[in-house]
Each structure stands twice: as C-alpha cells, then as structure tokens.
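# Inside the fold
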Amino acid sequence: MTAPNTPMISLQGVSKTFNRTIHAVRDVDLDVAEGEVVVIVGPSGSGKSTVLRCINLLEIPTTGIVIVDGSNLTDVATDLDHVRAEVGMVFQQFNLFPHLTVLENITLAQRKVRGRSKSEASEMGMRQLTRVGIPDKADAFPRQLSGGQQQRVAIARALAMEPRVMLFDEPTSALDPEMVKEVLDVMLELASEGMTMVVVTHEMGFAKAAADRLVFIDEGEIVEVGAPEEVFSNPSQDRTRAFFDKILY
Amino acid sequence: MSEFRSSRDGRITDERPWWDTFPWWSVIILAVLVWMGFQIIVNDDYGLAWERIIPGLGLTLRSTIYAFGIALGIALIAGTGQMSRNVIIRNLARTYVEFVRGIPMLPLIFTVALILVPEFTDLLNTRLNAWFGWEFNLSFEMRATVTLAVIYGAYMAEIFRGGIQSIPPGQTEAGRSLGLNRRQTMRSVVLPQAMRAIIPPMGNDFIAILKDTSLLSVLGALEITQRARQFSASTFKFREGYFVSAFIYLVLTLSLSVLLGVLERRMTRDRKGER
C-alpha cells in the first residue's frame, strides 16, 4: 500500500526513443498523487500518448524509472501482469474484444487474472455496466453498440478489475460529437469518486471541470504544469500560449 | 460491379437477367463428369482404366489426411515460432519457412524424401538402437507423406502467422493492460479471432495437398497418378488412363470445396452479430 505522501504514479527521467532516432519522449518527470486527476494536453505527435503508455509499460521506456503504487515497473524482477491488473486503461479505439459479448468482455480478465468465479465476475460486470448506464446491453456484441456505448463498456471492463489507477488515451477522439458527453459524464463521476486518473484528451471542458493539474507536453517534453484555469488563462511559456491560441476560441 | 449496366424497356437498369448470373460453369463441369461416368460404365477401355486406377484412391486419401495432420502440427510450431521472443527459435522457424517456400516442390520432394528423411531416420535409429535396441521404420509410403507434410508445414505456417498478425495490436494491448499474460491474451483474445482468417485458407491447402499427392508418383508411390501412368504405359491407352485419373481428382476436389463452402458459411453464421 502507498504511504500518504508517496505518489501513486511516479515517472522519473522517462525517455522513449523509436528506432534510435525518433525521440518521442524526453526526460519526463511526473508524480501523480492518490486520488489526483491529471490531464495531459499537447499538439498531435507531441508524445503525450507515449507518456501515458509508459505508465503501464505498454511502451517500454528507453531510459528512466516508472513506479506505480510502490512497484518499480522498470525493474526486471517486477511481475508486470500483476501491476497491470491494478492499472485500468481506456483506448481511443475502444479495443473491445469483437468475438465476445459485452458481459464476456468484462468478465474475461476478472476470471483469468483475479480468479473470480463466473457468477462473481458476472455480478461485478453487471454492477459496472449499471454504473456506466447500459446494463441492458450485457448480451450484445460490441459491433451492435454505438461508439459511445462501446467506450462505456471499455470503461466498465477496466473498472471491473477494481484498479487503483485509470489511464485514458484520448477516450473521446474516435466518437461522433453527440456521444462525447455520455463518456465524459462517466469519467467526471469517476473523478468525483476519488479515482486516480491520468487522461490524455483534447476536451478542455473536461480538463476545466475535473483536472487537479494540467500538463502541457510538446516535442516529448513537459513544457508546463499547473492548475487548469491558470494554464489556460495565464500560461507561463510561449509554446503553451501558442497551443491554446490555436485550439481555444 | 457497379459498372454493370443493362437495359430494359429502353431504360438503363442495374438489374441483371437470370442467365447472366447463372453458374453455367457448374453445368459444364457436371456434364463432363456425367459423360465420364457414363464412359466408365459402358466403354470397356475406360472401365479397365477405372479398375486399374481406383485402388490408388486409398493411398491418395490416406497420405492427404496424414500429410495435412502432420503439416498442421509443424505449421503451428513454425508459425508461432516465427513470432517467438527467443532469437534462436525465431530464426530457426524463419529459416525453415524461407527455405521451403523458395524451392519448387518437385526438387524439394526429391531432396526431402531421398536425402533428408532417410538420413534423419538413420541418425535417429543409431541412437534408438544404442539406447533401446529398437529401430523405427518409416514405410516408403509414409516417407512420401512426411515429405509432403514438411513442405506444406511451411506454407501453412505462413497462414498461421498471417492470421495472427491480422489481428490489430490494440487487441493484444487491451488484453495485456487488463493483466492477462502473453499466453492468456493469445488464447482468449487473439487466436479465437485469428481462426476466422486461418480456417478458409487451411481448407484450400487441404485440397492443394490432395492434388499434390500426385507428385509423389515421382517417388513411385502407387497412388492415383502413378497407377494412371502405369496403366497408360502398359496399354498405350493414354487418353483413358489420364481422363479417368482427372475424373477422380475432379470429383474429390469439387466435393471438398462444396463442403468447405458449407463449413465457412456455418462458421460465419454461428458468430451471431459479429462482423
């Protein structure tokens, strides 16, 4: 368990280089406290998704240390699968398993990783589906759902593992505009319940409403960190100002 | 075929008349088969050819089934081996596949059946003899079958690999991010989806193996083609011998592909709402 003052997530000097030449992430330091909501913004290709994916080691950092809930993920002795079960992840493209029903999507990892019985897993699955507002879709297949519903199932799937941390990688970017709100509402509720969250998004409204801190990343570096209103209205860096000038109107 | 246009009552329409979409080819093939069957019954020369060739059917079918079974095992190992994290396994699997795919089947059959398989069994037998006083005898026909399996194992390994790699990486990432390990992700997430891409070409390879058992005639295996050659050479009735063997192959391959079509349709139907 995490002691009160140690961060839930700690990135220390994390860099990621692709093919030895493309520096996607350069020397990123970031601590996220328990219960904190951190929103990462930045231009496309700035490395913000890569930073997020380094947190559960979907992307293995070239150098640097990643500590989640007291476990050093960059230590070869760490059981990665064990830690990943504690870190829920929601993807831009939902990544539901198309060959399984909604409920099967949610129970698979509970049974295989958490060792829950079928009925326990189903009960937990239904509870999470109710939480995201679509318990009636339990027996549907993913492709029968709208994008917004699919993304809510993906959130329910991650929550059913009872993770300590939730990571969101542009969760609304692939959605039709009318479905963005239903997903953001679920995320807002989650934030208000005290979940530790790291969110990569272009939804500045969500950042204002939910974020404790806003992180602006450009060219793989953290340029600016601060309270959302402050970074929006009074950025200290030129690069941050240039970015917000382009996207806010 | 949005390009297709026909006219009806002087107006362009996208409707196609029945005679345009009717599978005439199946009528033609069926007619040829019926004519051949009729010849075998009423014509003594064709009847004799049939009597001399049909005993090879057992060997043709047996080596097809055995070769397919063994090839399936080899393909699973070589296909997944190519994606292994272990550098040695990965490169050995790749070497095997590239070698076999790069050499035409006929020279490969000679190489494998006359050089590799005998030397390998000799090597194995000296060991087995020394340790257990027992030897392992591969019948001549089985040697030919194993040869075919070694060749098709490489082709089918590529089907496995292609099927698995056709599944978007996001699926693996989703599985791993939920805490499933590599094996669990492969078994519960990737393979069930990959099977849909794997089964149809596997069926095609089964038919291809059936046809390629004819190449085993160069080794002297008494399957359909070899018997047709012997019959034709001894009686000078080339037309009868080769027509009858073609007839047998056609009946086999056509009924197999009809069967496969049914299987594929059932496979897609059972998956309810899925793509």
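Remember, predicted model here, so these are calculated numbers, not experimental data.

### Observations regarding the overall build of chain A
A tally of helices and strands in chain A yields nine helices and ten strands. Taking 249 residues into account, the globule formula puts the C-alpha radius of gyration at 18 Å, and chain A, at 18 Å, falls close to it. Along the first, second and third principal axes, the C-alpha atoms of chain A reach 55 × 45 × 40 Å. For chain A, the residues scored as buried account for 56% of the 249 residues in total. On chain A, roughly 10900 Å² of surface is accessible, and the fraction owed to carbon and sulfur atoms is 47%.

### Section: the pairing of strand E9 (residues 213–218) of chain A
Residue and element names in this part refer to chain A. Counting buried residues in E9 gives five out of six residues, a clear majority hidden from the surface. For strand E3 (residues 37–41) and E9, the ladder comprises four bridges, and the chain directions are parallel. Each residue of the ladder has a partner; that of valine 41, found in E9, is phenylalanine 216. For E9 and strand E10 (residues 221–226), the ladder comprises five bridges, and the chain directions are antiparallel. Note on E10: the bridge partner recorded for isoleucine 217 is isoleucine 222.

### What to know about a positive patch on the surface
A surface patch of positive charge is lined by Arg111(A), Lys112(A), Lys118(A) and Arg187(B). In this structure, Lys112(A) sits in helix H3 (residues 102–112).

### Structural notes on helix H5 (residues 147–159) of chain A
Along its 13 residues, H5(A) runs 18 Å from first to last C-alpha, staying within 8% of the 18 Å computed at 1.5 Å per residue. Burial analysis of H5(A) places 13 of its 13 residues in the buried class, which makes it a mostly covered element.

### A closer look at the environment of Thr62(A)
Residues and elements named next belong to chain A. Inspection of the secondary structure puts threonine 62 in the loop between helix H1 (48–55) and strand E4 (63–68). For threonine 62, a relative accessible area of 46% puts it in the partly exposed group. Each C-alpha atom, one on threonine 62 and one on glycine 133, is 40 Å from the other, the two residues being 71 residues apart in sequence. For threonine 62, the residues in contact, after removing those within four places along its chain, are Ser15, Lys16 and Thr17.

### What to know about the pattern of salt bridges
Across all of its chains, the model carries 23 salt bridges over all chains by this definition. For Arg164(A), the salt bridge is made with Glu34(A), and the minimal N-O distance between the two is 3.8 Å. With a gap of 130 residues between them, Arg164(A) in the loop between H5 and strand E7 (165–169) and Glu34(A) in the loop between strand E2 (22–32) and E3 connect regions that are remote in the sequence. Judged by relative accessible area, Glu34(A) falls into the partly exposed class, the value being 49%. One salt bridge in this structure joins Lys237(B) and Asp45(B), with 3.6 Å as the shortest N-O distance.

### Observations concerning the sheet that holds strand E5 (residues 71–72) of chain A
All names here are of chain A. Ordered in space as E2-E1-E4-E5, the four strands form an open sheet in which the pairing is antiparallel. Single-partner strands in this sheet number two, and they are E2 and E5. For E4 and E5, the ladder comprises two bridges, and the chain directions are antiparallel. Looking at the pairing, valine 68 lines up with serine 71 of E5.

### Some remarks on the interface of chain B and chain A
With 21 residues of chain B at the contact, the number on the chain A side is 24 residues. Both faces considered, chain B and chain A share a buried interface measuring about 2100 Å² in area, 59% of it formed by carbon and sulfur atoms. Here chain B and chain A share two salt bridges between them. Between Glu173(B) and Arg53(A) there is a salt bridge, with the nearest N and O atoms lying 2.7 Å from each other. Breaking the side of chain B that touches chain A down by element, the ones donating at least two residues are helix H8 (169–177) and helix H9 (182–212) of chain B. With seven residues, H8(B) is the largest single contributor of residues to the side of chain B that touches chain A.

### Observations regarding the sheet that holds strand E8 (residues 196–200) of chain A
Residue and element names in this part refer to chain A. If you walk across this open sheet you meet the six strands as E6-E7-E8-E3-E9-E10, and the pairing is mixed. Looking at strand neighbours, the two that pair on one side only are strand E6 (87–90) and E10, the edges of this open sheet. Each strand of the sheet is rotated relative to its neighbour by a mean of 15°, with strand direction disregarded. As paired strands, E3 and E8 are joined by four bridges and run parallel to one another. Bridge pairing in E8 links isoleucine 40 to valine 200. Set on the sheet, helix H9 (residues 238–247) makes contact with E3, E9 and E10; between it and E9 the angle comes to about 95°.

### A look at the pairing of E7(A)
All names here are of chain A. Burial of E7 is extensive: five of the five residues sit out of reach of the surface. Along E7, one buried face is formed by Val165, Leu167 and Asp169 and the opposite face, lined by Met166 and Phe168, is buried too. Strand direction decides the pairing type here: E6 and E7, joined by four bridges, are parallel. Across the sheet, residue methionine 89 finds its bridge partner in E7, namely leucine 167. Of the pairings in the sheet, the one linking E7 to E8 comprises five bridges and is parallel in character. Residue pairing in the sheet places valine 165 in a bridge with threonine 196 of E8. Handedness of the crossover is the feature at issue here: the chain leaves E7, passes through helix H6 (residues 180–192), returns alongside E8, and the resulting connection is right-handed.

### A closer look at the confidence of the model for chain B
All names here are of chain B. Per-residue confidence for chain B averages 89 on the pLDDT scale, and 95% of its residues sit at or above 70. Per-residue pLDDT, averaged within each element of chain B, yields its smallest value for strand E1 (residues 6–8) (65) and its largest for H8 (96). What the predictor reports for the complex is a pTM of 0.83 with an ipTM of 0.91.

### Some thoughts on the side chain of Asn125(B)
All names here are of chain B. Mapped onto the elements, asparagine 125 comes out in helix H6 (residues 105–132). Asparagine 125 gets classed as buried once you look at its relative accessible area, which sits at 8%. Beyond its immediate sequence surroundings of up to four residues, asparagine 125 is in contact with Trp134, Glu135 and Phe136.

Thresholds applied
- Residues numbered from 1 in each chain as written.
- Chains lettered and ligands numbered in written order.
- Predicted model: local features only at pLDDT ≥ 70, side-chain atom pairs only at ≥ 80, totals over all residues.
- Heavy atoms only, no water.
- Helix = DSSP H or I, 4+ residues; strand = E, 2+ residues; numbered from the N terminus.
- Rg over C-alpha atoms; globule rule 2.2 N^0.38 Å.
- Buried < 20%, exposed > 50% of the residue type's maximum accessible area, 1.4 Å probe, protein only.
- Areas by Shrake-Rupley, 256 points an atom, 1.4 Å probe, with all protein chains shown as cover.
- Pairing = 2+ DSSP bridges.
- Patch = residues over 30% accessible without salt bridge, like charges linked within 9 Å, V, L, I, M, F, W, Y side chains within 5 Å.
- Salt bridge = Lys/Arg side-chain N within 4 Å of Asp/Glu carboxyl O.
- Lys, Arg positive; Asp, Glu negative; His and termini not counted.
- Charge placed at Lys NZ, Arg CZ, Asp CG, Glu CD.
- Expected span 1.5 Å × (residues − 1).
- Contact = heavy atoms within 4.5 Å.
- Buried area = accessible area lost by both parts, 1.4 Å probe.
- Axes fitted to C-alpha atoms, helices over the stretch in contact; angles between N-to-C directions.
- Right-handed = clockwise from strand over helix to strand, strands pointing away.
- pLDDT = per-residue confidence, 0-100.

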